[in-house]
Structures are given as structure tokens and as C-alpha cells.
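# Observations on chain architecture
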Amino acid sequence: MSALVQYHVEDGVAFIGLANPPVNALSQPVRAALAAACEVAERDPAVRVLILYGEGGSFSAGTDIEEFGTPAALSTPDFPTLLRHLTQLDKPLIAALEGVALGGGLELALACGYRIAEPSAKLGLPEIQLGLIPGGGGTQRLPRLIGVDAALSMIISGQPLLAARARELGLIDRLADSADALLDNARAFAEELAAQKAPPQPQPPQPEPGAGLADDFFQRYIEQNQKRWRGQVAPRLAVEAVQTACELPLEQGLVRESALFSKAMESSQSTALCHVFFAERQADKVPAVERDTPRRPVAKVAVIGAGTMGGGIAMNFANAGIPVVLLEVKREALDRGLAQIRKNYEISIQRGKLSRRVAEQRLALIDGTLDYADLADADLVIEAVFESMDIKRQVFGTLDKVCKPGAILATNTSTLNVDEIAAVTQRPQDVIGLHFFSPANVMRLLEVVRGEATAPEVLATALGLAKKIGKVAVVSGVCFGFIGNRMLEPYAREAHRLVLEGATPAQVDRVLTELGLAMGVLSMYDLAGIDVGYLVRESRRDAISHDPSYCKLADELYGMGRYGQKRGAVSIFTKGASRKKTPKSLQLPSVWRRSWIFPAVRSPIRKSTTAAYSC
Ligand code: NAD
């Protein structure tokens, strides 16, 4: 038998263990080995029940994504054929779930007649996150097991459930006492099934999952959710597949699901999301950072600057249970920053994402200060002051004096040279760039900028910390704009040119949100701050002087003090505002009104295209 599957028989129970580390991906060789093991068990008259489990602490994280679109995905046995084979076994088959049973891993468990899981097991169908739908029977078997509502919720959210919740829903038959007891509990379950002469495939609780649903149930479901899905293809296909489970017998439903899965897989959205999936894993492999590279303990963090970025950065650490001290130059700015943090937590409470108790615990971890002496015991300091080399050098000069030896000194600069900043300190090996994106408490990306002198253990500590606060870290070298802002430049350039050519900001952003982006690029600048972009350009006027035309718009906005949401800059065209009340500095030049302001007034601007560009 293949090394990819462990097989042994004990007292009439065949134990079949998936053994494809690290997560038992169901690649073609694993599928073939599993099919072969099941055949051996089926032919062996001594075997009464089969137990399928995962070696190495996990049942299975699913099919092998690297096989997608390659001949291996279709080679014998392909995934649907294997599952069909399992459902046709003439002996009961129990899936014993430990760690994760995700995607194809859960569909494999659904094809087994019975399921038992240990308490910390996570069960889910995350295909939607790759722009796909479950294609191995998930959309057909799950509604028959747990009903349409619960199945749609699992499939559309892509979020996994813990075993206890899976038991409540009827997704599993038994909850094991613990991970250690899983196989013993599964064996006891097998004995019961054998004694009862239980059928290999019991009748599902809801053989007709559509019974009792309103005629327009699926239409209404789509109408209620389509705004949230924006231009995404996969959620609609998933709903169609679940609707099929309500309308067709299982066999025909599986064929239809397969066709819908192929449609999702051929979409450019899925191609892009799979690219992101692999890119994130690739970004995790950093030269010169090994598993055994030492990490420095980080028990206290300091953030300098309580503006747009500093507040959000502080929240990340408080959310992870790490105390933060937030430093500002003026009391007023500090109070404003702390108030904004409280407001952000209040919004989460109102949206039901956070309890008040937890929010208060997190707030209690954030202390404000105007005194650098309070940074003396910080293990990591992140500077998020104005984007000016002079100010940043001053700040790092002070940090060098007050911070303890071994403290990591990080800058959140968007574009400035980290080596130049490090050079003002006596410890350039401890200096690194930690470039968060706005809103810093929400966005997952964290650029980790490695300076010429940055020590490997400083880099390793930053990467470990990124994981701890739930960020995806990408390591960059020192160069203007690092990675994200270099990518953003042509995108923003063309958006601004479109506005100069007569499109309204709302029109530009609408194209992007209809494409599926969470926010249009002009709304994004409005959120990030028009002043931040201006300061970035100021530091590089020489490099962009050959073609400054596209910056004109944002430069003019800056000149008028229209920095965006941080200022809530009111326009003379905002409903109810009169021109007289608007300070001259905030009035728009008449040439703009002629070119794009009036069309914008006629087609009202979406709320998200706010302050600076609003009119
Ligand atoms: P901001 O203007 O909103 O906030 C800067 C804060 O720093 C202000 O509250 C100011 O009072 C404070 N400050 C200024 N000098 C200080 C000093 N010497 N000591 C202590 N505090 C001081 O700016 P921001 O948008 O938060 O940007 C901060 C940094 O983050 C910049 O380097 C910027 O390029 C970078 N960044 C910004 C964004 C964004 O979207 N806004 C994204 C990534 C990185």
C-alpha cells in the first residue's frame, strides 16, 4: 500500500489514515491510494466498518489547489469519482475529524456515511475565497444534512465552524471527548454501527431540502445579498448550486454542481484569487529567515503619532493583547487620536462585531503620552509621524537616546529611505520599515521593509509579530514606494487623468466598485489623506517634474486644505451649504466647476466618495 495512506485492521475495523503532510491535501496519488485502501477493506470479510482519519493532527485541508487546471486534477480517480466510490461502499465508513476538515476535506467527510469530530476541529467550505464553489458534492450533500439556510451560510461565508456547532447543526453525528480520544471514540461508534447493522449510507435528515421554502426564497436571498457581493461571480453560482439541490435528485445535482464549479474556475476572478493565495504563501518564504532564526520578545509596543495611521496601528496590538503607548507632540492631537480609537471600537460594538467588555479591555491596553520617557521599556516602537525626512530623522535621533538596547525601531513611512532614517541612530541593525495600509486596523497587508543593516532576528521578529496581529507580511527592499505604492502609482495616475478629462470622481470609483473592489481609488485617497500624497510628492518633485499634470488635481485639493475625511472638508456644493458660509480657501476654482463639478451634482456622488472630492 502507498505511503500516502496508512492502513491496518483491528477487531473488524479498518483504520485508513491519510498521510500526506502537512495538511493531507487530496492530490491524485492520495486519491488513488485512498481508493485502493477502501477496496482492500471492502474485499476483506473480516472488516465490518471503516474509519477514515488524518495522520499528523489534521483530517484534510482539501483538494490540491496546485492541481487545478492540470491533467492531474482529472486523472483517475478524479475527486468526484472517488467520492462516488466511497458512497457506494457496502460497509459503513466513519470520517474521524481532527484539526481541519476544509473544502474537499469536508466534502470527503460528507461522502462518508458517518462523522465524528474532536472539539477543536474546524469544518468549513472556504472555496468562495478562491472565487470557486464546492465542486465535490458540498453544495448538494450539505443542504440535505443541515438545511438550506445553514448550508448557504457556510458556503457563502466560507467561514469554518467548530465541532460543537457542527454537532448542533447535524453536520457531525458525534463529538469526541478530545483529540487524543478521537480514534477510540470512533472505534466505539464503529462497534455500535456494526451491532446495529447500520446502513453504509443513512438517509439524510433533509432528503428534500427545498420542502417548505418560499417559491421566491433564492431570488430574495440574491436580492438581499447582491450589494455585498458586488461583481463577484462565485456567490451567485453557489446559490444556483444550492437551489439545484432543492430541485434535482442528488445524482443530477452533482452533475449540475460540477458544471457550475467549472464555470467558477474558468472565471478571471478565480484565477486572480488563486494567484493571491499562492502569492501569500510565496511571500512567507523569506531568504535569510529560517525557522531557527532567533526572535526578540515583544511585550510592549510604542507608536509615535496618533493620526490616521498611528491610531489604527495601536489598535492592532491592543487587539492582540499587547499593551501600547501612543505618543504625540500636543495634548490636543493625542486626545483626538485616542477619541478616534474609541470611536472605531464603538462602531465595532454597534455592528455586533465586538462586545463592550472586550472593547473596554482593548482600550485599557492603550495609554497616551506626551513624554518620550514612557517609551523606555518598549520592545518595539513604530513611528507614524508626518511623511517628512527631517521630522522622521529627529524622531529616530530621540528614540536612539531613550529606547532600551535591543528595542526594534520601526518606521511606517510610505516612501522614504529607511536606510537614511536608520543612519541617524547608533543601531541601524535594529531599524526596519513596518508599512501598514489604511485603515491600519483593518487592512491585512503589512510591508516589512528590510534596510541594508537590518538584523535577521529583527526581520524574523517583525514577521512573527505580523502573524500575531493577523497581517500578511510581504518583505520589501528599500526603494521609493516599496511595493504597494509603486503598484498604486499608475492606477492612481490614470484615475486622476480621467477626472481631468471630465469624468466625475463618483464615475471613476463606481467602475472600480462594480469590478468588485471594496473601495474606489479616489475614495481611498480621501480616506488616506490628500496631505499624505502631497508630502510624498514633495519629497520627489524632481522625479515627477517631467509630467506633473496628473498630480495637479490632488495638489490643488491640498492647497485648498481639502485633505479628505480627516478634515471633513465641506464643499460649497454640499447640500444645504451656502457659498457665503464657505471660507474662500475651501471654494473650488471656477474652471473645475465647469469641467466636472456640475456633472457630479447632477448624478449624486456615492457617500463613500466623500470629503475632498465631494461636491
Ligand atoms: P497624519 O497626519 O494623519 O498623522 C501624523 C501624526 O503625527 C499627527 O497626529 C501629528 O500630530 C503627529 N506628529 C507629527 N510630528 C510628530 C512628532 N515629531 N512626534 C510625535 N507625533 C508627531 O498622518 P498619517 O496619515 O497617519 O501618516 C503617518 C505616516 O504613515 C506617514 O509617514 C505616512 O506616509 C505613513 N502612511 C500613511 C498612510 C495613509 O494612508 N494615511 C498609509 C501608509 C503609511
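Preceding block: the structure.
Residues numbered from 1 in each chain as written. Predicted model: local features only at pLDDT ≥ 70, side-chain atom pairs only at ≥ 80, totals over all residues. Heavy atoms only, no water.

## Concerning the site of the ligand
- The environment of the ligand is formed by 26 residues, the closest being Met309, Glu328, Glu387, Lys392 and Ser414.
- In this structure, glutamate 328 approaches the ligand through a side-chain N or O atom, which is 2.5 Å from an oxygen atom.
- The side chain of asparagine 412 places a nitrogen or oxygen atom 2.9 Å from an oxygen atom of the ligand.
- The fraction of the free accessible surface of the ligand (830 Å²) that becomes covered by protein chains is 90%.
- For the shell around the ligand, the elements supplying multiple residues, two or more each, are helix H13 (308–319), helix H16 (389–402), strand E15 (431–436) and helix H22 (530–538).
- A per-element tally of the shell around the ligand places H16 first, with three residues.
- For the shell around the ligand, the residue count by class is 13 nonpolar, eight polar and five charged. (Near = heavy atom within 4 Å. Polar contact = N/O pair within 3.5 Å; in protein donor to acceptor, adjacent residues only side chain to side chain. Areas by Shrake-Rupley, 256 points an atom, 1.4 Å probe, with all protein chains shown as cover. Helix = DSSP H or I, 4+ residues; strand = E, 2+ residues; numbered from the N terminus. Nonpolar A, V, L, I, M, F, W, Y, C, P; charged D, E, K, R; others polar.)

## Concerning the sheet that holds strand E6 (residues 114–117)
- The strand order E1-E2-E3-E4-E6-E9 describes an open sheet built from six strands, whose pairing is mixed. Lying at the two open borders of the sheet, with one neighbouring strand each, are strand E1 (5–10) and strand E9 (174–175).
- Pairing geometry for strand E2 (residues 13–18) and strand E3 (residues 49–54), over six bridges, is parallel. Considered in E3, the bridge of isoleucine 16 is made with leucine 52.
- Strands E1, E2 and E3 of the sheet are contacted by helix H1 (residues 28–43), whose axis makes an angle of about 15 degrees with E1. (Pairing = 2+ DSSP bridges. Contact = heavy atoms within 4.5 Å. Axes fitted to C-alpha atoms, helices over the stretch in contact; angles between N-to-C directions.)

## Brief notes about the packing of aromatic side chains
- Evaluated as defined, the whole model comprises eight aromatic pairs.
- Judged by centre distance (6.1 Å) and plane angle (45 degrees), the rings of tyrosine 221 and tryptophan 229 are tilted.
- The class of tyrosine 221 is buried, set by a relative accessible area of 16%.
- Using a relative accessible area of 3% as the deciding quantity, one classes tryptophan 229 as buried. (Phe/Tyr/Trp six-rings, centres within 6.5 Å; stacked < 30°, edge-to-face > 60°. Buried < 20%, exposed > 50% of the residue type's maximum accessible area, 1.4 Å probe, protein only.)

## Side note on the environment of alanine 96
- Within the secondary structure layout, alanine 96 lies in strand E4 (residues 93–97).
- The exposure class assigned to alanine 96 is buried, which follows from its relative accessible area of 0%.
- For the pair formed by alanine 96 and aspartate 509, sequence separation is 413 residues and the distance between their alpha carbons is 49 Å.
- If sequence neighbours within four positions are ignored, alanine 96 has contacts with Ile51, Leu52, Tyr53, Gly54, Phe59, Ile116, Leu182, Leu183 and Ala186.

## Considerations on helix H18 (residues 456–468)
- Between the first and last C-alpha of H18 there are 18 Å, a value that for 13 residues agrees with the 18 Å anticipated at 1.5 Å per step.
- Where H18 is concerned, the buried positions are Val458, Leu459, Ala460, Thr461, Ala462, Leu463, Leu465 and Ala466.
- Just past H18, the residue glycine 470 takes up positive phi, approximately 80 degrees. (Expected span 1.5 Å × (residues − 1).)

## Observations concerning the pairing of strand E16 (residues 445–449)
- Across the five residues that make up E16, a large majority, four, are buried.
- Bridge analysis of E15 against E16 gives four bridges, and the strand direction is antiparallel. Residue histidine 435 lies in a different strand from E16, and its bridge partner there is glutamate 447.
- Pairing analysis gives five bridges linking E16 to strand E17 (residues 472–476), with the strands arranged parallel. Along E17, the bridge assignment pairs valine 448 with valine 475.

## Considering the sheet that holds strand E7 (residues 122–124)
- The strand order across the open sheet built from three strands is E5-E7-E8, with neighbouring strands paired in mixed fashion. Lying at the two open borders of the sheet, with one neighbouring strand each, are strand E5 (100–102) and strand E8 (161–162).
- Sheet topology note: the E5/E7 ladder contains three bridges and is parallel. Within E7, the position partnered with alanine 101 by the bridge is leucine 123.

## Things to note about the side chain of glutamate 383
- Locating glutamate 383 in the fold gives a position in strand E13 (residues 380–383).
- With residues near it in sequence (within four places) discarded, glutamate 383 still touches Ile304, Lys392, Val395, Phe396, Ala410, Thr411 and Asn412.

## As for the pattern of salt bridges
- Under the criterion given, the structure shown has 31 salt bridges.
- It is possible to trace a salt-bridge network through shared partners that takes in Arg342, Glu346, Arg356 and Glu360. (Salt bridge = Lys/Arg side-chain N within 4 Å of Asp/Glu carboxyl O.)

## Details of the packing of helix H5 (residues 138–146) against helix H11 (residues 250–266)
- Following both chains from N to C, one finds H5 and H11 inclined at 135 degrees, their axes separated by 8 Å at the closest point. Accordingly, the angle class assigned to the pair H5 and H11 is oblique. The residues of H11 that touch H5, namely those facing Gly138, Thr139, Gln140, Arg141 and Arg144, are Leu250, Gly253, Leu254 and Glu257.
- A breakdown of the residues in the contact of H5 with H11 according to their chemical character gives two nonpolar, four polar and three charged. (Parallel < 35°, antiparallel > 145°, perpendicular 65-115°, else oblique.)

## Regarding H5
- The buried count for H5 comes to nine of nine residues, which makes it a mostly enclosed element.
- Turning to H5, its buried residues number three or more, namely Gly138, Thr139, Gln140, Arg141, Leu142, Pro143, Arg144, Leu145 and Ile146.
- Following H5 by one or two positions, glycine 147 has its phi on the positive side, about 90 degrees.

## Regarding the environment of phenylalanine 317
- Tracing the chain through its elements places phenylalanine 317 in helix H13.
- Those residues in contact with phenylalanine 317 that sit more than four places away from it in its chain are Val301, Ile322, Val324, Leu380, Ile382, Phe436, Leu465 and Ile469.

## What about unusual backbone geometry?
- Cis geometry is adopted by the peptide bond preceding proline 22, which originates at proline 21 and carries an omega value of 5 degrees.
- Turning to its location among the elements, proline 22 is positioned in the loop between E2 and H1.
- Positive phi values are uncommon outside glycine, yet asparagine 24 reaches one of about 55 degrees.
- Here asparagine 24 shows up in the loop between E2 and H1.

In short, shape yes, function no, at least from these values alone.
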